[in-house]
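Letter by letter, the chains look like this.
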Amino acid sequence: MDTKFNHLVELLNDKYSTSQLDAMLKDPNYLSIASINLGIPTDTFQKIVERCLEKPVISEESKTFIWGPETSIDLKAYVSGQEKGYAQGNDAGFGKGATVATIGILGILAAFAISKNK
């Protein structure tokens, strides 16, 4: 199933733009019709579309072109920067979420402790 899942992700990324995938996700009729045509449950197809929006797949031909010897260093630097920025953005987002959650929990505990002392 994992191979089929990856193949569907690649197929959707090649065939549709991000805005089209987002529109698919918002239309339950499209999700149900597409899932019937693909022979998979609707919730599975929804997860595949969400995965496509979360982290698009670059085809092997694109990777070969980008990292080939005839490609400019500027393009290679741009792609590397995008990949590193994406990873750092995810890490920073997780760090912010964890920090805010910790501060929130400490605030709740402090309020609870103060209310118990009165």
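Let me sum up the structure you'll find in this document. Given the structure is predicted, the values throughout are model-derived calculations rather than measurements.

## Observations regarding helix α3 (residues 28–38)
For α3, the set of buried residues is Leu31, Ala34 and Ser35. Projected down its long axis, α3 shows its buried positions confined to an angular sector of 100 degrees, all on one face. In α3, those exposed residues whose orientation departs by more than 90 degrees from the buried face are Asn29, Ile36 and Asn37. Where α3 is buried, its residues touch α2 (18–26) and α4 (42–54). Capping of α3 at its N-terminal end is provided by Asp27; its side-chain oxygen lies 3.2 Å from the backbone amide nitrogen of Asn29. Looking one or two places after α3, you find Gly39, whose phi comes out positive at around 75 degrees.

## Notes on a nonpolar patch on the surface
Together, Ile105, Leu106 and Leu109 give the surface a local cluster of nonpolar side chains, amounting to about 300 Å² of exposed area. On the secondary structure map, Ile105 appears in helix α6 (residues 73–117).

## Description of the pattern of salt bridges
Considering all chains together, one arrives at two salt bridges under this definition. The shortest N-O distance in the salt bridge between Glu50 and Lys47 comes to 4.0 Å. Of this pair, Glu50 and Lys47 both sit in helix α4, three residues apart, roughly one helical turn. We classify Glu50 as partly exposed; its relative accessible area is 29%. The exposed category is assigned to Lys47, whose relative accessible area is 52%.

## Brief notes about the packing of α2 against α4
When two helices pack together, their arrangement is given by the angle between the helix axes and the distance between those axes. Contact geometry for α2 and α4: axes closest at 10 Å, N-to-C directions at 150 degrees. Between α2 and α4, the crossing angle belongs to the class labelled roughly antiparallel. As α2 packs across α4, the resulting crossing turns out to be left-handed. In this structure, α2 uses Thr18, Leu21, Asp22 and Leu25 to contact α4, whose residues at the interface are Gln46, Val49, Glu50, Cys52 and Leu53. Here the contact of α2 with α4 is composed, by residue class, of five nonpolar, two polar and two charged.

The rules behind each value
Residues numbered from 1 in each chain as written. Predicted model: local features only at pLDDT ≥ 70, side-chain atom pairs only at ≥ 80, totals over all residues. Heavy atoms only, no water. Buried < 20%, exposed > 50% of the residue type's maximum accessible area, 1.4 Å probe, protein only. Helix = DSSP H or I, 4+ residues; strand = E, 2+ residues; numbered from the N terminus. Arc of directions from axis to C-beta. Contact = heavy atoms within 4.5 Å. Polar contact = N/O pair within 3.5 Å; in protein donor to acceptor, adjacent residues only side chain to side chain. Patch = residues over 30% accessible without salt bridge, like charges linked within 9 Å, V, L, I, M, F, W, Y side chains within 5 Å. Areas by Shrake-Rupley, 256 points an atom, 1.4 Å probe, with all protein chains shown as cover. Salt bridge = Lys/Arg side-chain N within 4 Å of Asp/Glu carboxyl O. Axes fitted to C-alpha atoms, helices over the stretch in contact; angles between N-to-C directions. Parallel < 35°, antiparallel > 145°, perpendicular 65-115°, else oblique. Left-handed = near helix turned anticlockwise from the far one by under 90°. Nonpolar A, V, L, I, M, F, W, Y, C, P; charged D, E, K, R; others polar.

By themselves, these observations are geometric and do not establish any function.
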